[in-house]
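Residues per chain, in single letters:
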Amino acid sequence: KDPSLPWSERMGNGGLLWFEYQKYQNDVRRPYREAARQNPDVEMPKEVQVEEMVDRALVPGPMLRKIIDSYTATGRYVSLHARVEQDMQDHMACPDQMVRDLDAVLSLASEVPAYGKSTARLHVALNRPWMERAREEEHASRSLDLLNQALEHGLDDKGEIAVADPAVAVFEAGGADVQRVPP
């Protein structure tokens, strides 16, 4: 299968798979985590140990952390995976509850207590190449235009493009950034 396609297109219905994975985390992993917190001698099954390793692997690697740190003088930022790429638009687990537009996502993000106060930088993670390829789709075009404006002007205290004195500076870092960094 074509590795440049979004994961959900390569694997079929990725949204349903994610839903089932979340259910597994809640029903299987959480009881072991809670038991291990209360008693360090609790032995987790191998599959739960593997899942714990996968979670740790999702932490940004040193190269991506270095890129993010280059945008943040204080090192304090909030990271947001807006999930506005086409594979997220096709998500099937909760279509009636999804927030599909980047402007609505940014507005919701502005309600987080740390927004603009203790953290004045917002890292937006998205797959820009996928979004660029889907630019003919109205939502992708609108989201990319909004992201580009946010990168240039920052956001106000309501999560809208700042006219002056942004409350939050926006930066983007992802896989494409890592690929540009020499080894």
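You'll find the structure just up there.
Starting from 1, residues in each chain are numbered consecutively following that chain's sequence as written. The predicted origin of the model limits local features to residues at a pLDDT of at least 70 and limits the giving and counting of side-chain atom pairs to 80 or more, whereas totals for whole chains, interfaces and linings rest on all residues. Side-chain descriptors were evaluated using all non-hydrogen atoms of the structure, hydrogens and water having been removed beforehand.

> Now, about empty space enclosed by the protein: what can you tell me, with residues and values included?
Cavities and pockets were defined on a 1 Å grid built over protein atoms only: a cavity is a set of grid points that admits a 1.4 Å probe from which the probe cannot escape, a pocket is an open set flanked by protein on both sides within 12 Å along at least five of seven lines, and lining residues are those with an atom within 4 Å of any such point. Grid points are joined across faces, edges and corners, and a volume is the space filled by probe spheres set on the points. Counting across every chain of the model gives one cavity of 30 Å³ or more. The space that makes up the largest cavity amounts to roughly 30 Å³. Contributing to the lining of the largest cavity are Asp101, Leu102, Asp103, Arg142, Ser143 and Leu146. Within the residue set of the lining of the largest cavity, elements represented by two or more residues are α6 (102-109) and α8 (138-153). Secondary structure elements follow DSSP: runs of H or I of four or more residues count as helices, runs of E of two or more count as strands, with numbering from the N terminus. By residue number, the principal contributor to the lining of the largest cavity is α8, which donates three residues. Each residue is assigned to one of three groups, with Ala, Val, Leu, Ile, Met, Phe, Trp, Tyr, Cys and Pro labelled nonpolar, Asp, Glu, Lys and Arg labelled charged, and all others, Gly among them, labelled polar. Its residues assigned to classes, the lining of the largest cavity shows two nonpolar, one polar and three charged.

> Outline the packing of α6 against α8, supporting the account with residue identities and numerical values.
The description of two packed helices rests on the angle between their axes and on the distance between the axes. Between α6 and α8, the shortest axis-to-axis distance is 9 Å and the interhelical angle comes to 45°. Classified by the angle between their axes, α6 and α8 sit oblique to one another. Contacts between α6 and α8 involve Leu102, Asp103 and Leu106 on the former and, on the latter, Ser143, Leu146 and Leu147. Split by residue class, the contact of α6 with α8 holds four nonpolar, one polar and one charged. Between N-to-C directions, angles cover 0 to 180 degrees, with each direction set by a line fitted to C-alpha atoms, over the stretch in contact for helices. For classification, angles of less than 35 degrees are called roughly parallel, those exceeding 145 degrees roughly antiparallel, those between 65 and 115 degrees roughly perpendicular, and all remaining angles oblique. Contacts are residue-level and defined by heavy atoms, with any inter-residue pair within 4.5 Å sufficient.

> Mind laying out the sheet that holds strand β1 (residues 78-81), listing which residues take part and the relevant values?
The strands making up a sheet associate through backbone hydrogen bonding, with each pair oriented either parallel or antiparallel. In this analysis, strands are considered paired if DSSP registers two or more bridges between them. As summarised here, the arrangement of the three strands in space is β1-β2-β3, forming an open sheet in which the pairing is parallel. In this open sheet, the two edge strands, each paired with only one partner strand, are β1 and β3 (169-172). Looking at each pair of strands side by side, their axes are set apart by 30° on average, direction ignored. With four bridges joining them, β1 and strand β2 (residues 121-125) adopt parallel strand pairing. Paired with Leu80 across the strands is Val124, a residue of β2. In this fold α8 packs onto β2 and β3, with an angle of close to 120° to the strand it touches most, β3.

> Lay out a nonpolar patch on the surface with the relevant residues and their values.
Put simply, a patch holds well-exposed residues, over 30% relative accessible area, that have no salt bridge, with like charges counted together within 9 Å and Val, Leu, Ile, Met, Phe, Trp or Tyr side chains within 5 Å. Surface accessibility in these figures is a Shrake-Rupley result with a 1.4 Å probe; residues are shielded only by whichever protein chains are displayed. Salt bridges are defined by distance alone: a side-chain nitrogen of Lys or Arg within 4 Å of a carboxyl oxygen of Asp or Glu. On the surface, Val50, Met53 and Val54 cluster together into a nonpolar patch covering about 240 Å² of accessible area. Tracing the backbone shows Val50 in helix α3 (residues 46-57). Taking the relative accessible area as the measure of exposure, Val50 reaches 42% and is therefore partly exposed. A 1.4 Å probe rolled over the protein chains alone gives each residue an accessible area, and that area as a share of the maximum for its type sets the label: buried under 20%, exposed over 50%, partly exposed in between.

> How would you explain the pattern of salt bridges if you had to name every residue and give the values?
Any two side chains of opposite charge can pair, given that their charged atoms come close. Applying the stated rule across the entire model yields six salt bridges. Note that Glu172 and Arg128 form a salt bridge whose closest N and O atoms lie 2.9 Å from each other. Of this pair, Glu172 sits in strand β3 while Arg128 sits in helix α7 (residues 128-133), and the two are 44 residues apart along the sequence. We note a salt bridge from Arg142 to Glu138, for which the minimum N-O separation is 2.9 Å.

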